[in-house]
Amino acid sequence: MEPVTGVTDLLALDRQVCFALSIASRSVIGLYRPLLQPLGLTHPQYLAMLALWQHEPLSVKELGELLQLDPGTLSPLLKRLQALGYIHRERNSKDERALALTLTPAGKELRAEAEKIPPAIVARLGMDIEELQHLHQSLMRVIAAARGADEPKPHDS
């Protein structure tokens, strides 16, 4: 049986938000790879460094919350950053169960090199800042809506 003309195919791949987000994510992260490689960083490590440059010191739990990463994903990433000499991981003096994350001098110095990355990404995308800011705001609304959809809804009485 042939589809009825004039009816939108709800399962058309090119109409799926998830497909567009997936392709956009891989494409944009791919633009970062050659810029991060000279710094010895992967994209997830770069995100961790961004959080530390902004909020240092952080506990592993706090960093995980900021990056939306679970401890199993975060732990090897942090070990690699420590092996690169960019961070210290030490037991928190106030809570021995928690690891405190701080930047080393090399980690702090890396920020100057990393400051070149955002303008390079903007140039590679060829989009103006206002358009990118609007996209960011839209994506933040999508994230918030998706999180809200995960929360249990109260049942009608």
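See above for the structure.
Here goes a summary of the coordinates provided. As a convention, each chain's residues are numbered from 1 in the sequence order in which they are written. A pLDDT threshold of at least 70 governs which residues receive local features in this predicted model, and a stricter bar of 80 or more applies before side-chain atom pairs are shown or counted, although totals over entire chains, interfaces and linings include all residues. To obtain the side-chain values, all non-hydrogen atoms of the structure were used and water was disregarded.

All right, on to the packing of aromatic side chains then. One pair of aromatic rings is described through two measures. These are the centre distance and the angle between the planes. Any two rings among Phe, Tyr and Trp, with Trp reduced to its six-membered ring, count as a pair given centres within 6.5 Å; such a pair is stacked if its planes are under 30 degrees apart, edge-to-face if over 60, and tilted if neither. In total, this model carries 1 aromatic pair according to the counting rule given. When the ring of Tyr-32 is compared with that of Tyr-46, the centres are 5.7 Å apart and the planes differ by 45°; the resulting orientation is tilted. Taken together, the residues span a long stretch of sequence, with Tyr-32 in helix α1 (residues 17–36) and Tyr-46 in helix α2 (residues 43–55) at a distance of 14 residues. Here Tyr-32 matches Tyr-46 in class, with each residue buried. Labels follow the DSSP assignment, with helices taken as runs of H or I lasting at least four residues and strands as runs of E lasting at least two, numbered in each case from the N terminus. Exposure classes here rest on a 1.4 Å probe applied to the protein chains alone. A residue is buried below 20% of its type maximum, exposed above 50%, and partly exposed in between.

Turning next to the sheet that holds strand β1 (residues 58–59). Here we have 3 strands laid out as an open sheet, ordered β1-β3-β2, and antiparallel in their pairing. The open sheet is flanked by β1 and β2 (87–91), the only strands paired with a single partner. Judged from the 5 bridges that link them, β2 and strand β3 (residues 99–103) form a sheet pairing that is antiparallel. What sits directly across from His-88, in β3, is Thr-102. The contact criterion used throughout is that any non-hydrogen atoms of two residues lie within 4.5 Å. Structural elements are reduced to axes, namely lines fitted to C-alpha atoms, with helices fitted over the stretch in contact, and the angle between N-to-C directions of any two is expressed from 0 to 180 degrees. Where helix α4 (residues 71–83) meets the sheet, it contacts β2 and β3, and its direction lies at approximately 120° from that of β2. Think of it this way: DSSP has to see at least two bridges between two strands before they count as a pair.

Attention now moves to the nonpolar core. Among buried residues, the Ala, Val, Leu, Ile, Met, Phe, Trp, Tyr and Cys ones that are joined through side-chain atoms within 4.5 Å form a nonpolar core. If you look at the biggest cluster of nonpolar residues, it comprises 27 residues, and the most contacted ones within it are Leu-41, Met-49, Leu-63, Leu-78, Leu-81, Ile-87 and Ile-117. At the level of secondary structure, the elements contributing two or more residues to this core comprise α1, α2, α3 (60–67), α4, β3, α5 (105–114) and α6 (117–125). Among the elements that line this core, the one with the most residues is α2, at 6 residues. Residues within four places of Met-49 in sequence aside, it is in contact with Leu-41, Leu-81, Tyr-86, Ile-87, Leu-103, Gly-107 and Leu-110.

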